[in-house]
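Next come the chains, spelled out residue by residue.
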Amino acid sequence: MERGAPARGAAVRYSAQLQDMNNLDEGVEFLPAMNSKKMEKRGPKRQVVITVLIIVFLLVSLTTGLLFWHFKYRNTPVQKVFNGHLRVLNWEFLDAYENSSSPEFSMLAKKVKSTVEEIYRNHADIGPYHRETVITAFSEGSVIAYYWSEFLVPKYREGSLDRAMADKQSLVQRWNPRLRNPMLKVESVIAFPVDPSIAHSARDNSCMFSLHAKEGEVTSFTTPGFPNSPYPNNALCYWALRADASSSISLTFKTLELEPCRDDSDYIKVYDSLSPVEPHALVRLCGNYAPSYNLTFLSSQNVMLVTLVTNKEGRFPGFKAEFFQLPKMKACGGILKGDSGTFTTPYYPAHYPPDMDCVWNIEVPSIKNVKVRFNMFFVLEPGIPVSSCTKDYVQINGTRYCGERSQFVVASTTNKIELRFHSDQSYTDTGFSAEFLSYDSSDPCPGKFTCNTGRCIDRSMRCDGWLDCVDGSDERSCTCTEQQFRCQNGWCKPKFWVCDNVNDCGDNSDELQCSCSADSFKCNNGKCVPSTQKCDGKDDCGDGSDEGRCSTGQTTVPCKEYTYKCRSGRCISKQNPECDGEQDCEDHSDEDNCNCGLRSYVRKSRIVGGQNSDVGEWPWQVSLHVKGQGHICGASLVSASWLVSAAHCFLPLQGIRYSDPSLWTAYLGLTDQGDRSSPNVQTRKIKRIISHPFFNDYTYDYDIAVLELQSPVTFTAVVQPICLPDATHNFPVGKDLWVTGWGATAEGGTGASILQKAEIRLINQTVCNQLLTDQLTPRMMCVGILTGGVDACQGDSGGPLVSVEPSSRMFLAGVVSWGDGCAQKNKPGVYSRLTSLRDWIQEHTGL
Ligand code: 4AZ
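Residues numbered from 1 in each chain as written. Predicted model: local features only at pLDDT ≥ 70, side-chain atom pairs only at ≥ 80, totals over all residues. Heavy atoms only, no water.

Peer 1: Account for the overall build of the protein, with residues named and values stated.
Peer 2: Helix and strand counts for the protein stand at eight helices and 43 strands. For the protein, the C-alpha atoms occupy an extent of roughly 125 × 100 × 60 Å along the three principal directions. Among the 847 residues that make up the protein, the fraction classed as buried is 47%. Put simply, of all contacts in the protein between residues at least 6 apart along the chain, 66% involve residues at least 24 apart. Element-wise, carbon and sulfur atoms account for 52% of the exposed surface of the protein, whose accessible area totals about 42,200 Å². (Helix = DSSP H or I, 4+ residues; strand = E, 2+ residues; numbered from the N terminus. Buried < 20%, exposed > 50% of the residue type's maximum accessible area, 1.4 Å probe, protein only. Contact = heavy atoms within 4.5 Å. Areas by Shrake-Rupley, 256 points an atom, 1.4 Å probe, with all protein chains shown as cover.)

Peer 1: Kindly report on the side chain of Asp 791, identifying the contributing residues and their values.
Peer 2: Structurally, the position occupied by Asp 791 is in the loop between strand E40 (780-784) and strand E41 (800-804). Here Asp 791 sits buried without a salt bridge, and the closest side chain of opposite charge, Lys 827, lies 11 Å off (N-O distance). At 2.9 Å, the side chain of Asp 791 forms a polar contact with the backbone nitrogen of Ala 823. Not counting residues up to four positions away in its chain, the partners in contact with Asp 791 are Gly 821, Cys 822, Ala 823, Lys 827, Gly 829 and Tyr 831. (Lys, Arg positive; Asp, Glu negative; His and termini not counted. Salt bridge = Lys/Arg side-chain N within 4 Å of Asp/Glu carboxyl O. Polar contact = N/O pair within 3.5 Å; in protein donor to acceptor, adjacent residues only side chain to side chain.)

Peer 1: Go over the domain arrangement of the protein with me, naming the residues and quoting the values.
Peer 2: It is common to give the size of an interface as the accessible area that goes away when the parts come together. We note that the domain assignment places domain 1 (80-194), domain 2 (205-327), domain 3 (333-441) and domain 4 (621-845) within the protein. A separation of 66 Å is found between the C-alpha centroids of domain 1 and domain 4. (Domains from an automatic or database assignment.)

Peer 1: How would you explain a nonpolar patch on the surface if you had to name every residue and give the values?
Peer 2: A grouping of Val 48, Val 52, Val 56 and Val 60 is seen on the molecular surface, where their side chains present a nonpolar patch of about 330 Å² in accessible area. Looking at the secondary structure, you find Val 60 in helix H2 (residues 33-74). (Patch = residues over 30% accessible without salt bridge, like charges linked within 9 Å, V, L, I, M, F, W, Y side chains within 5 Å.)

Peer 1: Give a detailed account of the UniProt feature "domain: CUB" (unreviewed entry) in the protein, specifying residues and quantitative values.
Peer 2: Under the UniProt annotation, "domain: CUB" (unreviewed entry) lies at residues 207-326 and 332-439. Helix makes up 0% of residues 332-439 and strand 56%, and the two end C-alpha atoms of the span are 26 Å apart. (UniProt positions renumbered as here; feature names shortened; annotations may be inferred.)

Peer 1: Can you explain the packing of aromatic side chains? Please cite residues and give values.
Peer 2: A complete count under the given rule lists 29 aromatic pairs for this structure. Between Phe 650 and Trp 664, the ring centres sit 5.0 Å apart and the planes meet at 65°, which makes this aromatic pair edge-to-face. Within this pair, whereas Phe 650 is found in the loop between strand E34 (642-645) and strand E35 (664-668), its partner Trp 664 is found in strand E35, the two being separated by 14 residues in sequence. For the residue pair Phe 650 and Trp 664, the accessibility class agrees, reading buried in each case. Grouped by ring-pair contacts, the aromatic residues Phe 343, Tyr 352, Trp 360, Phe 374, Phe 377, Tyr 401, Phe 408, Phe 421 and Phe 432 constitute a single cluster. Taking the ring centre of Tyr 267 as reference, the NZ or CZ of Arg 284 above it sits at 4.0 Å. The ring of Phe 408 carries Arg 405 above its face, with NZ or CZ at 3.9 Å from the centroid. (Phe/Tyr/Trp six-rings, centres within 6.5 Å; stacked < 30°, edge-to-face > 60°. Lys NZ or Arg CZ within 6 Å of the ring centre and 35° of its normal.)

Peer 1: Summarise the state of the cysteines; cite the residues concerned and give the values.
Peer 2: If you walk through the whole model with that rule in mind, you get 18 disulfides. Covalent S-S linkage joins Cys 516 and Cys 528, the inter-sulfur distance amounting to 2.0 Å. Taking the torsion about the sulfur-sulfur bond, which here is approximately -80°, the covalent link between Cys 516 and Cys 528 counts as left-handed. With Cys 516 in the loop between helix H6 (509-512) and strand E28 (520-522) and Cys 528 in strand E29 (residues 528-530), this residue pair connects regions lying 12 residues apart in the sequence. (Disulfide = S-S within 2.5 Å.)

Peer 1: Quick rundown of the sheet that holds strand E7 (residues 236-242)? Include the residues and the values.
Peer 2: Strands sit in the order E5-E7-E12-E9-E10 across an open sheet of five strands; the sheet is mixed. Every other strand in the sheet has two partners, leaving strand E5 (208-212) and strand E10 (281-285) as the edge strands with one partner each. Sheet twist, expressed as the mean angle between neighbouring strand axes with direction ignored, is 15°. Relative to E7, E5 runs parallel, the two sharing five bridges. When the sheet's bridge partners are listed, Leu 211 is paired in E7 with Leu 241. (Pairing = 2+ DSSP bridges. Axes fitted to C-alpha atoms, helices over the stretch in contact; angles between N-to-C directions.)

Peer 1: How would you explain empty space enclosed by the protein if you had to name every residue and give the values?
Peer 2: Going through the model one piece at a time under the given rule, you end up with five cavities of 30 Å³ or more. The volume enclosed by the second largest cavity comes to roughly 60 Å³. Taken together, Asp 614, Val 615, Gly 616, Glu 617, Trp 618, Pro 619, Gln 621, Gly 669, Leu 670, Thr 671, Val 718 and Leu 755 make up the lining of the second largest cavity. Per-class residue counts for the lining of the second largest cavity are six nonpolar, four polar and two charged. (1 Å grid on protein atoms, 1.4 Å probe; cavity = no way out; pocket = protein on both sides within 12 Å on 5 of 7 lines; lining within 4 Å. Points joined across faces, edges and corners; volume = space filled by probe spheres on them. Nonpolar A, V, L, I, M, F, W, Y, C, P; charged D, E, K, R; others polar.)

Peer 1: If you had to explain the pattern of salt bridges to someone new, which residues and values would you point to?
Peer 2: Enumeration according to the criterion identifies 26 salt bridges in this entry. Glu 278 is paired through a salt bridge with Lys 269; the nearest N and O atoms lie 2.5 Å apart. Each of Lys 80, Lys 155, Glu 158 and Asp 162 takes part in one network of salt bridges that share partners.

Peer 1: Quick one: what's the story with the site of the ligand, residue by residue and with numbers?
Peer 2: As a matter of local geometry, the ligand sits amid Asp 791, Ala 792, Cys 793, Gln 794, Gly 795, Ser 797, Val 816, Trp 818, Gly 819, Gly 821, Cys 822 and Gly 829. The contact in question runs from a nitrogen atom of the ligand to an N or O atom on the backbone of Ala 792, over 2.8 Å. Contact distances for the ligand include 2.5 Å between an oxygen atom and a side-chain N or O atom of Ser 797. Across the complex, the protein chains shield 84% of the 300 Å² of accessible surface that the ligand would expose by itself. Residue classes in the shell around the ligand are distributed as five nonpolar, six polar and one charged. (Near = heavy atom within 4 Å.)

Peer 1: Could you give an account of the sheet that holds E41, naming the residues involved and the relevant values?
Peer 2: If you trace the six strands once around the closed barrel, you get E38-E39-E40-E43-E42-E41, paired in antiparallel fashion. With direction set aside, neighbouring strand axes in the sheet form an average angle of 45°. When strand E38 (residues 736-741) meets strand E39 (residues 756-763), the two strands line up antiparallel, connected through six bridges. Residue pairing across strands places Gly 741 opposite Gln 756, the latter belonging to E39. Its contacts with the sheet put helix H8 (residues 834-845) on strand E42 (810-818) and strand E43 (829-833), and the angle it makes with E43 is roughly 35°.

Peer 1: Tell me about unusual backbone geometry, residues and numbers included.
Peer 2: Following Phe 226, the chain continues to Pro 227 via a peptide bond in cis, the omega torsion being -5°. Summarising the element assignment, Pro 227 is placed in the loop between strand E6 (219-222) and E7. Between Tyr 348 and the following residue, Pro 349, the backbone shows a cis peptide bond with an omega angle of 0°. Locating Pro 349 in the fold gives a position in the loop between strand E15 (340-344) and strand E16 (356-363). Of note in this structure, Gln 654 is not a glycine but carries a positive phi near 45°. Relative to the elements of secondary structure, Gln 654 occurs in the loop between E34 and E35.

Peer 1: I'd like to hear about the nonpolar core, residue by residue, with values.
Peer 2: Counting 51 residues, the largest nonpolar core has Leu 624 and Leu 643 as the members making the most contacts within it. Secondary structure elements with two or more residues in this core: strand E32 (621-626), strand E33 (630-637), E34, E35, strand E36 (682-691), strand E37 (705-709), E42 and H8. (Core = buried A, V, L, I, M, F, W, Y, C linked by side-chain atoms within 4.5 Å.)

Peer 1: Outline the pairing of strand E17 (residues 369-379), supporting the account with residue identities and numerical values.
Peer 2: Most of E17 sits inside the fold, with eight of its 11 residues counted as buried. The pairing of E17 with strand E23 (residues 431-439) spans nine bridges and is classified as antiparallel. By the bridge assignment for E23, Val 372 is matched with Phe 436. Note: E17 against strand E21 (residues 408-411), four bridges, orientation antiparallel. Paired with Val 372 across the bridge in E21 is Val 410. By the bridge criterion, three bridges tie E17 to strand E20 (residues 403-405) in an arrangement that is antiparallel. Bridging from a neighbouring strand, Phe 378 pairs with Glu 404 of E20.

In structure tokens form, the structure reads like this:
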């Protein structure tokens, strides 16, 4: 019963309220006249009081708000740190100034500090907020002092402090009349805002090093712990590098392996100063660089500063660097005369020094014209568009060139040309390597075709469907041959490129006639099927493409030969879900074992010639040697212990049983066959060779073998496995793939010493079967360039054909198998089709 009482009470209170309301209504309507007067009088008074109260309340709130804002935001002190340097004119440099704990250093530092403080005091926007100035270093010239200054400034004064510190006019020494002869005469006082955290760590000198180059010697330094332990987290390290007064510094990072580049990742910055200020930064480095990438930097003066900033996580080896002094460069550029010659930016291919101006005046015999061909051109400054070239640039006849450019030519219509090169104070690049040539104005490219850009190309490259001139002038005004298709825009392309799913014409006209009607679906193999047959659970295309991408997310579908099977046995219909970075299977098995298909080096060398590969560019490439015969076949590393190669490599020949594993040695991490003893290279004997039992040595059907290594390899920057595709993986016709190997560089020729690479295209199976007179089986695929000239060849057999997938992982698409000669027109190379042989590989390797 008790539980019911409050309800009743509530009901009672509610009815009483109703009664009150009724009373009020009645009272208003029936008050006597006198009472109503009283009400009128009392009414306005009360209203005034209420209004006053409201105004007072609003004023109080406003004032409180303003005070709160003033103290909390406008007046909050902000910590600001500036890094800078100044020149002391009336002082001689002493060697002891290089040692910050020497009494001479302390004495001069004290004087400079008080001079700087005096300068600050004289400026109303600076003086009141100055907290501390620390002199960090000195260098020659007469004496340059480096310092940082800390300020505490209310937020609303921050802008005026920044402006005053940036204004050269405000940081000048004013003469104090009482002190007629100031101790120090200083000029060029410059300061730049920096991250306050740098100032804090500047007090902690546990990771600060000062090194002076020794005449005729190379000095090395490394990150703490290198190479045995990773560099520290949450660290800030400084290496101040010095040389003698008349010298400059050449600094080279011999190895460099930092955390992969992200916004907040660890980085190194090199400065052309002893002060870490952005306007003198030469480079910012993160990640991992191929050993052949040029990491040599030059200073403009006799000092350099290397800083390392690390975040709270990651374990990476760091760097080893070397530096030495060399005489300061007096002049660059000059007068170049003759029929031809070469010239480069200072110290090419090292990064040119900052703050340089070089002028070359080139003159060829008066009856000729002159042109300049840039074979290498890297004049890139971060954040500067190539349309403006406001910082570093090359200037010819009033036109500026900058950025990263492939070979280009600038021609003059006279026998003279003037070329200027300018580098500003920050960020340098490797520069250019150029040649000047004289030419006959009536025939600028004797025996060759002249691109509109002035470049000369082989005549056979004219109208061959490939853009060889950067402006496409070699493919304009062409008359298409029998074997060519005329695009709507007038270009001629090989007929085989029509309907290959690739827009070769640029206007898509080579793909237009092949589209299916509105109510049908275009399969990956080019076939058209009624739209109603898409996602009906039946493979109507014959390649499963009408049944791919039928569900989203982790929806499972009935398993078919073209659906991807997760480890759980459930199937999904997403195309190529393996290692694509998205978890598609409920059990995440599509993203398991995905430590494959990635290169370690983010930055490759920029100076590889032709089709030479860079070190670490194809870390799964294996060279298989036979004792006494050298390199015989290629192979691909697919795990620490297994290789995939071609069965025909192990056929008996001239009485030798090549199937005997003891004959073979595998070289991994190799680029140059002449460099097999490099510490990068791992050598393994072969334990087992398993060739496909259906391999047919007449047709080369099932040309695949797996090889087990005697002992597993260690994955390193140059030894990494390639990803194996699922049997359902789709490599579409027309896709660009890469083939690599040390095979012959011409039919019947000799093998290459440096690993070669070539980009080739997957060709339609039916078209290729016609070209190769019905010799293809479903275990084969054709990949090549039908105009000829690019192909695998003898010695490449067994090697990888890889595809770069959208996730940027690389997958093994094929194994070099056979061909009708090498690089001939309409005779593409034939490769074992990995997807058709995938189950067999799994059976024998467990992968
Ligand atoms: C060979 O003999 C070979 N053009 C490999 C590939 C090709 C031709 C020959 C393809 O190992």
